Amino acid sequence: MDLGRVSFFLSLCALIVSVRAGDIVHDDDRAPKKPGCENDFILVKVQTWVDGKEDEEFVGVGARFGTTIVSKEKNANDSRLALSDPQDCCSTPKNKLAGDIIMVHRGHCKFTTKANIAEAAGASAVLIINDQNELYKMVCEPDETDLDIHIPAVMLPQNAGTSLEKMLSNGSSVSVQLYSPKRSVVDIAEVFLWLMAVGTILCASYWSASSAREALNEHERLLKDDLAEPPDSGSGGVVSISTTSAVLFVVVASCFLIILYKLMSSWFITLLVVLFCIGGAEGLQTCLVALLSRWFKSLAESYVKVPLVGAVSYLTLAVSPFCITFAALWGVYRDLHIAWIGQDVLGIALIITVIQIVRIPNLKVGTVLLSCSFLYDIFWVFVSKKLFHESVMIVVARGDKSGEDGIPMLLKIPRIFDPWGGYSIIGFGDILLPGLLVAFAIRYDWLAKKTLRAGYFLWVMIAYGLGLLVTYVALNLMDGHGQPALLYIVPFTLGTLLMLGKKRGELRVLWAKGEPARPCPHLHLHMSE
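Each value, and the rule that gives it
- Residues numbered from 1 in each chain as written.
- Predicted model: local features only at pLDDT ≥ 70, side-chain atom pairs only at ≥ 80, totals over all residues.
- Heavy atoms only, no water.
- Helix = DSSP H or I, 4+ residues; strand = E, 2+ residues; numbered from the N terminus.
- Buried < 20%, exposed > 50% of the residue type's maximum accessible area, 1.4 Å probe, protein only.
- Areas by Shrake-Rupley, 256 points an atom, 1.4 Å probe, with all protein chains shown as cover.
- Disulfide = S-S within 2.5 Å.
- Phe/Tyr/Trp six-rings, centres within 6.5 Å; stacked < 30°, edge-to-face > 60°.
- Lys NZ or Arg CZ within 6 Å of the ring centre and 35° of its normal.
- Contact = heavy atoms within 4.5 Å.
- UniProt positions renumbered as here; feature names shortened; annotations may be inferred.
- Salt bridge = Lys/Arg side-chain N within 4 Å of Asp/Glu carboxyl O.
- Patch = residues over 30% accessible without salt bridge, like charges linked within 9 Å, V, L, I, M, F, W, Y side chains within 5 Å.
- Core = buried A, V, L, I, M, F, W, Y, C linked by side-chain atoms within 4.5 Å.

Moving on: the overall build of the protein. When helices and strands are tallied, the protein shows 16 helices and 15 strands. Within the protein, the proportion of its 529 residues that are buried is 50%. Carbon and sulfur atoms make up 60% of the accessible area of the protein, which totals about 25,100 Å².

Printed below as a string of structure tokens:
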């Protein structure tokens, strides 16, 4: 990957640093609760039957007022659906209702007025059809007092209302069932996502340490061969972060996030998809070439000059068409239900490549980078709610107002046992940023020739796994609301490394130099002569 693009992809990858499972229970400080109007906003399944046969299922949102929706399907009664006459239900319906669920159109009077009139007419529930293909939170006016409503009210999007009206217009008998199933405490998708994140950091860290050790061995060999000016062993193809660039990185990432939030649209998501495909293809190519070069060494070491590119190995030329095609196919067919596999493959390859190329030179830089990222994560997930009335990070991660299923800089797995479906996701930044610290730890261990137990890598890796596990526990305790993963991961990983370094008396070396002192084989050779 060209070094000039690494910083850009690093910022792009680390934009989203939150874990999310998808909210089914919502609260809103802008819609204060009061007696008779204190329900949480919950998603509601609306299952339909046409002439006794199960048909389409729609998703709505429950109102702040009215009775709560049952959570279990077996406890939900299916009732006949009737269209209100008049359709807005702002006056008493002309049609008779005997426990029917009445469908009304939004507008001309308050939501609570519609619900009260529907209840007085004998309806068992009211479905209010929005005038847009979006869900809207139904709240109470500050001065309302007639809130003793004993039927549930559910808002449905306009396209769902159109479908239901079409069913009724055919003269068919339509019945519906309302229920809001609870999400399982733990889904197997979160286990696999945890394994993917930990496995990605393991692979990237070992590759980074292996490259550093090979460079060191080559450097020492050249010294032993008595070369006057051996090349710099640590600069080839590697970008070292400074404290200044660590701070600037968070500033740039924040600017990117604001741009995404303000310009979120289908065309902007498409632009991100193109950039992700480019980065993913390059990352996949880098990983495959490094892996296959062990078996096809001659192809990896044979080069051909390509116009506008320069010298390229034959192995790279052989692998590149596959990587480009893979990324392009994912970009074109990313809406398919199995497209998450391609997104994860490209994302993991990109993260591994960036961790292999970008390096933290010492613990001081690592502390600045992760501390700034820690504050960045908290600010854009929690504090931004006060400034923008919604969590900027969560809105961008979901891809709200874009018509797309979120941005591509995420690893995602379908929630297998979740009645609501959806995906469990983790932002690239939750893997990439701690991964840089883990890679630093294993490079130090290998250069210091430490055993696994006596080193830092094992304990920082365990700390990352525990930090991510705590993130998922917090996620489930918060009913699926997005969590800033670095809030938990940074104290675990960075704290572990700082405490171990202090305890072993190596914190000064870790903090300033970042690598152990080594005897010079060149001087040793001349002294022995």
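Taken as a whole and judged by the stated rule, the model has two disulfides. Each disulfide pairs two cysteine sulfurs, and for Cys 37 the partner residue is Cys 140, the sulfurs being separated by 2.0 Å. Linking Cys 37 and Cys 140, the disulfide has an S-S dihedral of approximately 100° and is accordingly described as right-handed. With Cys 37 in the loop between strand E2 (25-26) and strand E3 (41-50) and Cys 140 in the loop between strand E7 (125-129) and strand E8 (153-156), this pair connects stretches of sequence that are 103 residues apart. For Cys 140, a relative accessible area of 14% translates into the label buried. The disulfide bridge from Cys 90 ends at Cys 109, spanning 2.1 Å between sulfur atoms. In this structure the cystine formed by Cys 90 and Cys 109 twists about its S-S bond by roughly -90°; its chirality is therefore left-handed. Within this pair, whereas Cys 90 is found in the loop between strand E5 (78-83) and strand E6 (101-105), its partner Cys 109 is found in the loop between E6 and helix H2 (111-120), the two being separated by 19 residues in sequence.

When we look at a pair of aromatic rings, we describe it by the centre distance and by the angle of the planes. Under the defined criterion, the tally for this structure stands at 11 aromatic pairs. Ring centres 5.8 Å apart and planes at 70° place the aromatic pair Tyr 444 and Tyr 456 in the edge-to-face group. Of this pair, Tyr 444 sits in helix H12 (residues 429-447) while Tyr 456 sits in the loop between H12 and helix H13 (457-477), placing them 12 residues apart in sequence. Of the two residues, Tyr 444 and Tyr 456, neither departs from the other in class, the shared state being buried. A connected cluster of aromatic rings, assembled from ring pairs, spans Tyr 261, Phe 379, Trp 380 and Phe 388. Lying over the aromatic face of Tyr 136, Arg 106 brings its terminal NZ or CZ to 4.0 Å of the ring centre.

It is worth spelling out the environment of Cys 372 at this point. Relative to the assigned elements, Cys 372 resides in helix H10 (residues 363-388). With 124 residues separating them in the primary sequence, Cys 372 and Leu 248 have C-alpha atoms 9.6 Å apart. Every residue in contact with Cys 372, bar those within four places of it in the chain, is listed here: Val 247 and Val 250.

With numbering matched to this structure, UniProt assigns "transmembrane region" (unreviewed entry) to residues 191-209, 238-261, 267-296, 308-332, 338-358, 420-442, 454-475 and 481-500. With 100% helix and 0% strand, the stretch residues 191-209 has end C-alpha atoms that lie 27 Å from each other. The span residues 308-332 carries 76% helix and 16% strand; its end-to-end C-alpha distance comes to 27 Å.

This part takes up the pattern of salt bridges. Summed over all chains, the structure comprises six salt bridges. The salt bridge involving Lys 450 is made with Glu 506; its shortest N-O contact spans 3.0 Å. In this pair, Lys 450 is assigned in the loop between H12 and H13 and Glu 506 in the loop between helix H14 (486-504) and helix H15 (507-513), connecting sequence segments 56 residues apart. Residue classification places Lys 450 among the partly exposed residues on the basis of a relative accessible area of 23%. Look at the salt bridges and you will find they share partners, linking Glu 190, Arg 415 and Asp 418 into a network.

Next up on the list: a nonpolar patch on the surface. A contiguous nonpolar surface patch, about 700 Å² in accessible area, is contributed by Val 185, Val 186, Val 191, Phe 192, Leu 195, Ile 416 and Phe 417. If you trace the backbone, Leu 195 turns up in helix H4 (residues 188-224). By relative accessible area, Leu 195 is classed as partly exposed at 44%.

In this section: the nonpolar core. Core analysis: the biggest nonpolar cluster contains 90 residues, and Leu 369, Val 396, Ile 407, Ile 426, Ile 431 and Tyr 464 have the highest contact counts within it. Sorting elements by how many residues they give to this core places H12 first, with 11 residues. The next biggest cluster of nonpolar side chains, apart from the first, holds 24 residues, and it includes Phe 41, Ala 63, Ala 123 and Val 126.

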